[in-house]
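This is what each chain is made of:
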Amino acid sequence: MKALEGVRVLDMTHVQSGPSATQLLAWLGADVVKLESTTGDITRQQLRDVPGVDSLYFTMLNCNKRSITLNMKSERGKEIFTELVKTADVLVENFGPGAVDRMGFTWERLQELNPRLVYASIKGFGPGRYRAFKAYEVIAQAMGGSMTTTGFEDGPPLATGAQIGDSGTGIHAVAGILAALYQRQTTNRGQRVQVAMQHAVLNLCRVKLRDQQRLAHGPLREYPNKTFNDEVPRSGNASGGGQPGWAVRCAPGGPNDYIYVIVQPVGWKPISEIIGRPELADDPEWATPEARLPKLDKMFQLIEEWTIRHDKWTVLDRLNAANVPCGPILSTKELIEDESLREEGMVVTVDHPERGEFFTVGSPLQLSDSPVDVRTSPLLGEHNQEIYGELGVSADELAELKTNGVI
Ligand code: CAO
């Protein structure tokens, strides 16, 4: 038994934000049926590395799902969809604003068809002035507080590699869907779940709005910036939080030879010993967090004078042995080859029928009674016969639907 065993998800998602949500639902045990246009999710063909084979973009976001094709713009397609909705517990989509309504399926209509349906939509924006706008990852980062706070003070706003706008929103959508399924147990009714990418990113940038309000009471002393105006500045690699941190360089000086070091109040004494400056532990100029606060740049410079002489793995071990929190910057190559991530099931090998073996990132949700078993993404329409057979569509009719461009 898996946690979501028996939950049927009709998955009309495409690209990243929606598929990331439904892949998690599949890993939690839901039966996720991905409904695609007859040409398929556009990502099947985007960024292809192997000609004619579903891209890694698709295969890494659509594991453990089944795939059916259905032309929602044909009359027969709409009839079939009507039947599919009746058998679903959850419908998820992330088309541009209004697309499902234009297909003829408003929330009112869907409720009529299946009052227990949980209907989840991911859009770029909420119902306010941006409601009709399409959105992609970095647009959400731009409009949700991430870009303005990422980068260095003297440089432009930066996008982060973490897909907080897409996959970050997907996770928020999963939380909403699970809550709606839970509430349905008492109400026996489904409900509408709406998540906006701008909102999800803003939620993840919550602490930056904390700092925006703190500015009213003076400069942000935990930031490395020397001057402040009326908005939170970009602060490079400073944590800006309660405990100062910075990325310092390590040997041999390559692009990822850095380690992020946090200096907790208790950490200063062991750090000063490790870096060969034990006298600074009791020096009133350095001994307390308050004394160090105005010269964090100098403090990290002192630390770097030691780290630059060692590789990041040595620094990781030395600092952790003294209970100093730190993290080497791991490159994508190091991550995919990381033994411990493989043992933990976070980097897994999947066997795809056309591409062969590839790596994917496993499920970060680890439940003791619902282990995740990562299986390949489906080929386009691979489960047409299986799913439409359940609805009573005969083999002859299937062939006819194919000829007529309905599936
Ligand atoms: N059968 C027939 N038509 C289908 C179909 C099907 N099975 N599935 C989708 N379509 C049609 C829709 O009806 C719609 O057509 P109309 O515009 O004529 O009504 C069209 O395909 C989909 O439109 P779209 O706006 O979703 O697609 P796009 O490529 O122009 O935009 C995107 C892509 C991502 C910008 C947009 O979907 C969007 O803003 N989504 C919400 C935000 C989001 O999730 N962004 C994340 C992007 S990366 O993860």
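Residues numbered from 1 in each chain as written. Predicted model: local features only at pLDDT ≥ 70, side-chain atom pairs only at ≥ 80, totals over all residues. Heavy atoms only, no water.

Draft legend 1. Molecular detail of the sheet that holds strand 5 (residues 118–123). Taking strand neighbours across the sheet as the criterion, the 6 strands line up as 3-2-1-4-5-6 in an open arrangement whose pairing is parallel. The outermost strands of the open sheet, each flanked by one partner alone, are strand 3 (65–69) and strand 6 (192–196). Taken over all neighbouring pairs, the strand axes of this sheet differ in orientation by 20 degrees on average, direction set aside. Pairing between strand 1 (residues 8–12) and strand 4 (residues 90–93): 4 bridges, direction parallel. Counted as the bridge partner of Asp11 is Val92 from strand 4. Helix 9 (residues 197–204) contacts strand 5 and strand 6 of the sheet and is inclined by roughly 65 degrees relative to strand 6. (Pairing = 2+ DSSP bridges. Helix = DSSP H or I, 4+ residues; strand = E, 2+ residues; numbered from the N terminus. Axes fitted to C-alpha atoms, helices over the stretch in contact; angles between N-to-C directions. Contact = heavy atoms within 4.5 Å.)

Draft legend 2. Spotlight on the site of the ligand. Neighbouring residues of the ligand: 24 residues in total, closest Gln16, Ser17, Lys73, Gly96 and Lys134. Between an oxygen atom of the ligand and a main-chain N or O atom of Ser17, the distance comes to 2.7 Å. For the ligand, a nitrogen atom lies 2.8 Å from a polar atom in the backbone of Ala135. For the ligand, whose unbound accessible area comes to 950 Å², protein coverage reaches 79%. Counting only elements with at least two residues in the shell around the ligand, the list comes to strand 2 (31–36) and strand 5. Partitioning the shell around the ligand into residue classes produces 10 nonpolar, 8 polar and 6 charged. (Near = heavy atom within 4 Å. Polar contact = N/O pair within 3.5 Å; in protein donor to acceptor, adjacent residues only side chain to side chain. Areas by Shrake-Rupley, 256 points an atom, 1.4 Å probe, with all protein chains shown as cover. Nonpolar A, V, L, I, M, F, W, Y, C, P; charged D, E, K, R; others polar.)

Keep in mind these numbers describe shape, not what the thing actually does.
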